[in-house]
Amino acid sequence: MQLQQIFSQAEEINIYRDGAKETCVAGDERFEEIMAAWNVMTASSVTMPAFGVSLNEHTAKAVLEGVWAEFCFAGRLESEGMPFERLLIEAKPEYCGFNVNRYLPEYGYQGRCFYIDLRGGTMHNFYDTLVK
């Protein structure tokens with residue numbers, strides 16, 4: 001399944017702002033607002049191979065600073081041969097592309113990432129939606 005299609009299957013979105021966590025559940029107004037901003041941002045995006053990998057210890061520390069969005073799914077999904085149960089991204093308004101970290105319970109956020117290129121767009125509106 002294409003990565004962009006998978007995000008629409010999220011059942012929860014956790015927003016981390018400097019380590020503080022807010023959980024939004026599918027069907028809630030806040031969840032729908034975030035998904036709408038995500039869909040606009042990624043409408044013309046492309047998925048590419050990532051240059052790096054996620055190291056769980058590093059990622060767990062990184063989430064304590066800045067703004068992050070974690071898309072949580074009902075079970076294990078797979079895209080491009082890479083399985084996951086959650087997908088985590090760091091949000092910065094100026095980002096034109098970003099890594100998508102994959103989570104599996106047995107490894108945490110460990111291993112190869114996806115990369116989404118916004119094809120000249122930025123995360124500005126999505127970031128604003130997350131922080132309001």
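Residues numbered from 1 in each chain as written. Predicted model: local features only at pLDDT ≥ 70, side-chain atom pairs only at ≥ 80, totals over all residues. Heavy atoms only, no water.

Caption draft 1: Seen up close, the side chain of Arg-30. Position of Arg-30 among the secondary structure elements: in helix H2 (residues 29-42). Residue Arg-30 is classed as buried on the basis of its relative accessible area of 16%. Within the structure, the side chain of Arg-30 is placed 2.7 Å from the backbone oxygen of Thr-129, a separation counted as a polar contact. If sequence neighbours within four positions are ignored, Arg-30 has contacts with Ile-15, Glu-22, Cys-24, Thr-129, Leu-130 and Lys-132. (Helix = DSSP H or I, 4+ residues; strand = E, 2+ residues; numbered from the N terminus. Buried < 20%, exposed > 50% of the residue type's maximum accessible area, 1.4 Å probe, protein only. Polar contact = N/O pair within 3.5 Å; in protein donor to acceptor, adjacent residues only side chain to side chain. Contact = heavy atoms within 4.5 Å.)

Caption draft 2: Spotlight on the environment of Cys-113. The topology assignment puts Cys-113 in strand E7 (residues 111-117). Among the residues examined, Cys-113 registers a relative accessible area of 5% and is labelled buried. Excluding anything up to four places from it in sequence, Cys-113 contacts Ala-50, Gly-52, Val-53, Ser-54, Met-82, Asn-99, Val-100 and Asn-101.

Caption draft 3: Summary view of the pattern of salt bridges. Taken as a whole and judged by the stated rule, the model has eight salt bridges. The shortest N-O distance in the salt bridge between Glu-22 and Arg-17 comes to 3.1 Å. For Glu-22, a relative accessible area of 23% corresponds to the partly exposed category. Judged by relative accessible area, Arg-17 falls into the partly exposed class, the value being 29%. Close ionic contact of Lys-132 with Glu-33 constitutes a salt bridge, the shortest N to O distance being 2.8 Å. (Salt bridge = Lys/Arg side-chain N within 4 Å of Asp/Glu carboxyl O.)

Caption draft 4: Region of interest: helix H4 (residues 124-131). Taken together, the buried positions of H4 are Phe-126, Thr-129 and Leu-130. Here the buried residues of H4 occupy an arc of 100° about the axis, which is enough to place them on one side. Buried-residue contacts for H4 involve strand E1 (12-17), H2, strand E4 (67-79) and strand E5 (82-91). (Arc of directions from axis to C-beta.)

Caption draft 5: Highlighting the nonpolar core. The biggest cluster of nonpolar side chains holds 30 residues, and the ones touching the most others in it are Trp-38, Phe-71, Ile-89, Phe-98 and Phe-126. Listed by contribution, the elements that provide at least two residues to this core are helix H1 (3-6), E1, H2, E4, E5, strand E6 (97-103), E7 and H4. Ranked by the residues each element gives to this core, the list is headed by H2, at six residues. Other than its neighbours up to four places away in sequence, Ile-89 contacts Trp-38, Val-67, Trp-68, Ala-69, Phe-71, Phe-98, Asn-99, Val-100, Met-123 and Phe-126. (Core = buried A, V, L, I, M, F, W, Y, C linked by side-chain atoms within 4.5 Å.)

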